[in-house]
Amino acid sequence: MLILVLFFILFFSLQALVLFCCLAAGDDPLSQDISDQEQLDYIHSWMEKHKPT
């Protein structure tokens, strides 16, 4: 029984660690929106630069 309790504590501790690492890496919705906007800006500038003459 003690092993099962320790397993659950370890399991949820690791889940919390993964969650906090993902948030620290910028995987929250606001960071994704910023990243998407930066990619769109880059694509737009690339298309302007490589426009056929």
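Refer to the structure presented above.
Fair warning: this is a prediction, and the values are worked out from it, not measured in the lab.

Caption draft 1: Structural context of the overall build of the protein chain. Each helix and strand in the protein chain was counted, giving two helices and zero strands. Taking 2.2 N^0.38 as the reference for a compact globule, 53 residues should give roughly 10 Å; the C-alpha atoms of the protein chain span a radius of gyration of 21 Å, well beyond that estimate. For the protein chain, the spread of C-alpha atoms along the three principal axes comes to 75 × 15 × 10 Å. Within the protein chain, the proportion of its 53 residues that are buried is 2%. On the protein chain, roughly 5100 Å² of surface is accessible, and the fraction owed to carbon and sulfur atoms is 72%.

Caption draft 2: Summary view of the packing of aromatic side chains. Tallied over the entire structure, the rule returns four aromatic pairs. With centroids separated by 5.9 Å and ring planes inclined at 65°, the aromatic side chains of Phe7 and Phe8 adopt a geometry described as edge-to-face. Ring centres of Phe11 and Phe12 lie 5.2 Å apart, and the angle between their planes is 75°; this geometry places the pair in the edge-to-face category. Overall, Phe11 belongs to the partly exposed group, its relative accessible area being 37%. Counting every residue linked through ring pairs, the aromatic cluster contains Phe7, Phe8, Phe11 and Phe12.

Caption draft 3: Structural context of a nonpolar patch on the surface. Together, Met1, Leu2, Leu4, Val5, Leu6, Phe7, Phe8, Ile9, Phe11 and Phe12 make up a nonpolar patch on the protein surface, roughly 1100 Å² of accessible area in all. Structurally, Phe12 can be placed in helix α1 (residues 2-24). Since its relative accessible area comes to 52%, Phe12 is described here as exposed.

Caption draft 4: Summary view of the environment of Leu4. With respect to the element layout, Leu4 can be found in helix α1. By relative accessible area, which is 44% here, Leu4 ends up partly exposed. Measuring from C-alpha to C-alpha, the distance between Leu4 and Val18 comes to 21 Å, with 14 residues separating the pair along the chain.

Rules used in this analysis
Throughout this description, residue numbers start from 1 for each chain and increase along the sequence as written. It should be noted that, the model being predicted, local features are given only for residues of pLDDT at least 70 and side-chain atom pairs only at 80 or more, the latter also being counted only at that level, while totals for whole chains, interfaces and linings use all residues. The side-chain numbers reported here are obtained from all heavy atoms of the structure, hydrogens and water having been left aside. Segments assigned H or I by DSSP are reported as helices when at least four residues long, segments assigned E as strands when at least two residues long, and all are numbered from the N terminus. With the radius of gyration taken over C-alpha atoms, the globule rule is written as 2.2 Å times the number of residues to the power 0.38. A simple rule labels every residue: compare its accessible area, found with a 1.4 Å probe on the protein chains alone, to the largest value its type can have, and call it buried under 20%, exposed over 50%, or partly exposed in between. Areas reported as accessible are Shrake-Rupley estimates using a 1.4 Å probe. Residue values count occlusion only from the protein chains shown. Between 30 and 60 degrees the pair is tilted, below 30 it is stacked and above 60 it is edge-to-face, where a pair is any two Phe, Tyr or Trp rings, Trp via its six-membered ring, whose centres lie within 6.5 Å. A patch is a set of surface residues, each over 30% in relative accessible area and not in a salt bridge, joined within 9 Å for like charges and within 5 Å for the nonpolar side chains Val, Leu, Ile, Met, Phe, Trp and Tyr. Every case where a carboxyl oxygen of Asp or Glu lies within 4 Å of a side-chain nitrogen of Lys or Arg is listed as a salt bridge.

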